[in-house]
Amino acid sequence: LVQEAAETNLRSISPISRKPAKMRSKRRAYDFLIVGAGFAGAVLAERLANKGKHNVLVCDRRSHIAGNAYDFYNEHGVLVHKYGPHIFHTNSEMIFDYLSRFTAWRPYEHRVLADVEGKLLPIPINRTTLNGLYGLDLKDDDAAAQYLASKAEPMDRVRTSKDVVIAQVGLDLYRTFFEGYTRKQWGLDPSQLDKAVTARIPTRTNTDDRYFQDTFQAMPKEGYTKMFENMLDSDRIDIRLNTDFRDVRDEFPGTHIIFTGPIDEFFNYQYGRLPYRCLRFEHTTYDQRRILPVGVVNFPSEEIPYTRVTEFKHITGQVHPKTSVCHEYACSAGDPYYPIPRPENQELYNQYALLARSRSDVTFVGRLASYRYYNMDQVVGQALSTFKRFAARDTADHSS
Ligand code: FAD
Ligand code: UDP
């Protein structure tokens, strides 16, 4: 009850207030055909329509807008993220200000606990983690730093996701928190993955247990989908859902394409398939107010088949007598979710990128099209920069 009282009251957001995105499609002349209504596609559609005064058609093969950030009220009225937890965080004031045009925010600092044989410990590893795991009494940053230094195995060249962790915290903490989780999540040993993957998770000597330390950490007050509806609400933007690019590509010859799907798919896999990691999300609603102590609990043990469990009400702040959780299972077949950062995949992507550069009729933007492990704010930043390039070209065209 105390926890419930502390939550921001979002009762005012009823499922009824969530109108479906407009589905206009007047077959008028379009200046741009945007494939994908996720962050990359929606930001570009918004900028091109409202600032560039261009007519834009957005198509998405899914039945909804917002891409992987899509959220909705389930049959019990609980707001859930269909494709797993999406926590907004950024250090860029410019990106935060831009998105603030389309949403109010609910301040939210994400916290994650790792379940180590039933013990719940903060991840990223901090002083509380060390004391809790090993029964230590490290009293300050210096003591924790000394402890970690005594375990760390510094190396000349940090190359892989295994190296990064072992160089910072040593083998035991690596095995406890990273080895199993990473094997499950990526289907690869950390030694086979680029260092950038586990380098996303810092190590701390203080007791800060926030997952992120970014300047701006907040959730769209009425959810992501509502924010996307506001972004796409323009007379110059038409949207066609349940529509694959293949179904419309011949309808608009000469229209510039912005493609935000997998780049290898666009080029018919002519150099072979880029590997992506897939996920399965298992959503369950319980007839109780709370299940987890924090928004996400990670399960590093390989004996447990899922990687993490999310309880959405922590993240959305919704007050509701029921609660919904999502178990995430990683798999090798299905929709692509994560580009897999390792050198051979980057080389294959580089071949596609070269091909992309030879095509003046299409622009590739977003996580799947760039084959980069981008967070939402990075995709927004990439889309805004892409718009600036289009705008500069428009200006040059008009002045010549
Ligand atoms: P997407 O959101 O994937 O949108 C691309 C769209 O294109 C899709 O809707 C797809 O259906 C459509 N499409 C593709 N091909 C075609 C085609 N041929 N025809 C028609 N439509 C097509 N980021 C964070 O910042 N914080 C988080 O907490 C976070 N959590 C995440 C959790 C998970 C499980 C995942 C998978 C990602 C997470 N991310 C998070 C990353 C975030 O989802 C992405 O950065 C962001 O959604 C990428 O936006 P996008 O527009 O590039 O791609
Ligand atoms: N990771 C891990 N254990 C954890 C958390 C993360 O091994 O408890 C590793 C894992 O390889 C993961 C990567 O660090 O894929 C990045 O974690 P993050 O939480 O950023 O992943 P995402 O939210 O993008 O799935």
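Residues numbered from 1 in each chain as written. Chains lettered and ligands numbered in written order. Predicted model: local features only at pLDDT ≥ 70, side-chain atom pairs only at ≥ 80, totals over all residues.

Draft legend 1. Seen up close, the environment of threonine 310. Residue position: threonine 310 is located in strand 14 (residues 308-311). Taking the C-alpha atoms as reference points, threonine 310 and arginine 210, separated by 100 residues in sequence, lie 16 Å from one another. Non-local contacts of threonine 310, meaning those with residues more than four positions away in its chain, are made with Gly84, Pro85, Gly295, Val296, Val325 and Cys326. (Helix = DSSP H or I, 4+ residues; strand = E, 2+ residues; numbered from the N terminus. Contact = placed C-beta atoms within 7 Å.)

Draft legend 2. Focus on the site of ligand 1. In the neighbourhood of ligand 1, 33 residues make up the surrounding shell, with Gly36, Gly38, Gly67, Gly261 and Gly366 lying closest. Going through the elements one at a time, helix 2 (39-50) and helix 13 (376-399) are the ones with two or more residues in the shell around ligand 1. Looking at the shell around ligand 1 residue by residue, the class counts come to 16 nonpolar, 11 polar and 6 charged. (Near = placed C-beta within 6 Å. Nonpolar A, V, L, I, M, F, W, Y, C, P; charged D, E, K, R; others polar.)

Draft legend 3. Representation of the sheet that holds strand 9 (residues 216-220) in the model. Within the open sheet, the 3 strands sit side by side as 5-9-6. Their pairing is antiparallel. Every interior strand has two partners, whereas the edge strands, strand 5 (89-90) and strand 6 (105-107), have only one. The sheet contact formed by strand 6 and strand 9 spans 3 bridges and is antiparallel. Across the sheet, the residue bridging to arginine 106 is methionine 219, located in strand 9. (Pairing = 2+ DSSP bridges.)

Draft legend 4. The domain arrangement of the protein chain, seen in detail. Split into domains, the protein chain comes out as domain 1 (2-109 + 218-399) and domain 2 (112-200). Its C-alpha centre places domain 1 at a distance of 30 Å from the equivalent point of domain 2. In this complex, domain 1 contributes 17 residues to the contact, which on the side of domain 2 involves 21 residues. By residue number, the principal contributor to the side of domain 1 that touches domain 2 is strand 13 (residues 296-298), which donates 3 residues. By residue class, the composition of the side of domain 1 that touches domain 2 is 10 nonpolar, 4 polar and 3 charged. (Domains from an automatic or database assignment.)

Draft legend 5. The arrangement of the UniProt feature "domain: UDP-galactopyranose mutase C-terminal" (unreviewed entry) in the protein chain in detail. When the UniProt feature table is mapped onto this chain, "domain: UDP-galactopyranose mutase C-terminal" (unreviewed entry) is found at residues 177-373. Along residues 177-373 the backbone is 23% helical and 23% strand, and the end-to-end C-alpha distance reaches 21 Å. (UniProt positions renumbered as here; feature names shortened; annotations may be inferred.)

Draft legend 6. Molecular detail of unusual backbone geometry. Omega for the peptide link from isoleucine 123 to proline 124 comes to 0°, which places this bond in the cis form. You can see proline 124 is positioned in the loop between strand 8 (119-123) and helix 4 (127-134). With phi around 55°, lysine 53 is a residue other than glycine that occupies positive phi space. Of note, lysine 53 is situated in the loop between helix 2 and strand 2 (56-59).

Draft legend 7. Structural context of the pairing of strand 9. Two strands pair when backbone bridges link them, and strand 5 and strand 9 are joined in this way by 2 bridges, in the antiparallel orientation. The residue of strand 9 that forms the bridge with histidine 89 is glutamine 217.

Draft legend 8. Inspection of the sheet that holds strand 10 (residues 237-240) at higher detail. One open sheet accounts for 5 strands, arranged 10-2-1-11-17; its pairing is parallel. With partners counted over all chains shown, the strands left at the sheet margins are strand 10 and strand 17 (362-364), one partner each. Strand-to-strand twist across the sheet, computed as the mean angle between neighbouring axes with direction ignored, equals 20°. (Axes fitted to C-alpha atoms, helices over the stretch in contact; angles between N-to-C directions.)

Draft legend 9. How the structure looks around the nonpolar core. Core analysis: the largest hydrophobic core is formed by 62 residues, its most contacted members being Ile34, Leu44, Ala45, Val56 and Val58. Leucine 44 has contacts with Ile34, Ile258, Val365, Ala383, Thr386 and Phe387, leaving out every residue within four places of it along the chain. Residues Ile123, Ile125, Ala144 and Val164 belong to the second largest nonpolar core, which totals 20 residues. (Core = buried A, V, L, I, M, F, W, Y, C linked by C-beta atoms within 7 Å. Buried ≥ 20, exposed ≤ 12 C-beta atoms within 10 Å, placed from the backbone.)

Draft legend 10. Summary view of the packing of helix 6 (residues 161-169) against helix 7 (residues 171-186). With their axes 9 Å apart at the nearest point, helix 6 and helix 7 run at an angle of 155° to one another. The orientation of helix 6 relative to helix 7 falls into the category roughly antiparallel. The two elements helix 6 and helix 7 cross, and the hand of that crossing is right-handed. Of the residues in helix 7, those in contact with Ser161, Lys162, Val165, Ile166 and Val169 of helix 6 are Leu171, Leu173, Tyr174, Phe178 and Thr182. A breakdown of the residues in the contact of helix 6 with helix 7 according to their chemical character gives 7 nonpolar, 2 polar and 1 charged. (Parallel < 35°, antiparallel > 145°, perpendicular 65-115°, else oblique. Left-handed = near helix turned anticlockwise from the far one by under 90°.)

Draft legend 11. Examining helix 4 more closely. Of all the positions in helix 4, only Arg127, Thr129 and Leu130 are classed as buried. End-on view of helix 4: buried residues confined to an arc of 160°, all on one side of the axis. Considering only its buried residues, helix 4 is in contact with strand 8 and helix 5 (141-151). Glycine 135 sits one or two residues past helix 4 and shows a positive phi near 65°. (Arc of directions from axis to C-beta.)

Draft legend 12. Quick look at the environment of aspartate 141. As for its placement among the helices and strands, aspartate 141 is situated in helix 5. Separated by 48 residues in the primary sequence, aspartate 141 and glutamate 93 place their C-alpha atoms 30 Å from one another. Those residues in contact with aspartate 141 that sit more than four places away from it in its chain are Thr205 and Asn206.

Draft legend 13. Representation of the environment of isoleucine 123 within the structure. Secondary-structure assignment places isoleucine 123 in strand 8. Excluding its chain neighbours within four sequence positions, the residues that come into contact with isoleucine 123 are Val112, Leu113, Ala114, Thr129, Phe177 and Asn298.

Draft legend 14. Structural view of the site of ligand 2. Surveying the vicinity of ligand 2 reveals 13 residues, the closest of which are Phe178, Tyr181, Thr182, Arg200 and Asn298. Considering each element in turn, the shell around ligand 2 owes the most residues, 5 residues, to helix 7. Of the residues assigned to the shell around ligand 2, the class counts are 8 nonpolar, 4 polar and 1 charged.

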